[in-house]
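Each chain is listed here by its residues.
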Amino acid sequence: MASENKKRKARNSYLHNGADKKDCRMKRYMYFTKRSRKHCNKITEDWYFMRVKLFTHTDLDGIGCAVLAYLAFGKENVDVEYCNYDDIDDKVEEFMEDDGLYRSYDKIFITDISVSDSVANMIDILDRVDRRVQLFDHHGTALFLNKYDWCMIKEDIYLENIIKTCGTELFCVFDLWL
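Model, not experiment: these values are computed from the prediction.

A. Quick peek at the packing of aromatic side chains. Tallied over the entire structure, the rule returns 7 aromatic pairs. Between Phe-55 and Phe-95 the ring centres are 5.4 Å apart and the planes differ by 75 degrees, which places this aromatic pair in the edge-to-face class. With a gap of 40 residues between them, Phe-55 in strand 1 (residues 52-57) and Phe-95 in helix 4 (residues 88-97) connect regions that are remote in the sequence. The pair Phe-55 / Phe-95 is uniform in exposure class, with both members buried. Considering the side-chain rings of Phe-109 and Phe-171, the 5.1 Å spacing of their centres and the 70 degrees angle between planes classify their relative orientation as edge-to-face. Pair noted here: Phe-109 is in strand 3 (residues 107-111) and Phe-171 is in helix 7 (residues 167-177), with a separation of 62 residues, a long-range link. These aromatic residues form a ring-pair network of at least three members: Phe-73, Phe-109, Phe-136 and Phe-171. When the ring centre of Tyr-105 is taken as origin, the NZ or CZ atom of Arg-51, which lies over that ring, is 4.4 Å away. Lys-75 extends its terminal NZ or CZ atom over the ring of Tyr-70, reaching a point 5.4 Å from the ring centre.

B. Representation of unusual backbone geometry. In this structure, Asp-112 takes a positive phi of about 60 degrees despite not being glycine. Checked against the element boundaries, Asp-112 lands in the loop between strand 3 and helix 6 (117-126). Since its relative accessible area comes to 0%, Asp-112 is described here as buried. Backbone geometry at Arg-131 places phi at a positive 50 degrees, although glycine is not the residue there. Among the structural elements, Arg-131 can be located in the loop between helix 6 and strand 4 (133-137). Since its relative accessible area comes to 28%, Arg-131 is described here as partly exposed.

Cut-off values and rules
Residue numbers run consecutively from 1 along every chain, following the written order of its sequence. Restriction of local features to residues with pLDDT of at least 70 applies here, the model being predicted, together with a cutoff of 80 or more for giving and counting side-chain atom pairs; totals for whole chains, interfaces and linings are based on all residues. Note that water and hydrogens are dropped before the side-chain values are worked out from all heavy atoms of the structure. Stacked, edge-to-face and tilted labels apply to pairs of Phe, Tyr and Trp rings (six-membered ring for Trp) whose centres lie within 6.5 Å, assigned for plane angles under 30 degrees, over 60, and everything in between, in that order. Strands are runs of DSSP state E lasting at least 2 residues, helices are runs of H or I lasting at least 4, and numbering of each runs from the N terminus. Only protein chains enter the calculation, and the probe is 1.4 Å; a residue is then buried if its accessible area is under 20% of its type maximum, exposed if over 50%, and partly exposed in between. We call a charge positioned over a ring when the NZ of a Lys or the CZ of an Arg lies within 6 Å of the ring centre and within 35 degrees of the ring normal.

Set out below in structure tokens:
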């Protein structure tokens, strides 16, 4: 209750000193984001000790995903495997079939590149309980993977059919909000 009184007093003094209601809303938004940052810092501290495997594309967009993973989880906790379209299925399939290797990681990300439907089906079956694997891609050729709940395939995030997204942005949105 004291917190509500403090907010009301701050709002009234803020409005009394010449601010309009729009400024007051912005101040509330800034207060909320400050609290959210504290919460996000706690999440980041927890994430910093996770062991992460990242399969990503060899282009600049894929390297951006690797940089984000290093920043979010710590460079020493991230194992990056750079892949091309001709070897992604083999690398992911080999990794998933080695149960000891698969279980040694807390999270497995596939970014800016997609796997075939048969490999996706294998991942869906093997990862049904643990749900460690997540795939982020922005290529329209991978839209068929949206049938799996662990895949996020989006060509645009904010304005449909106007502003296209990239794999790094999808991974960043996941990093910040989930």
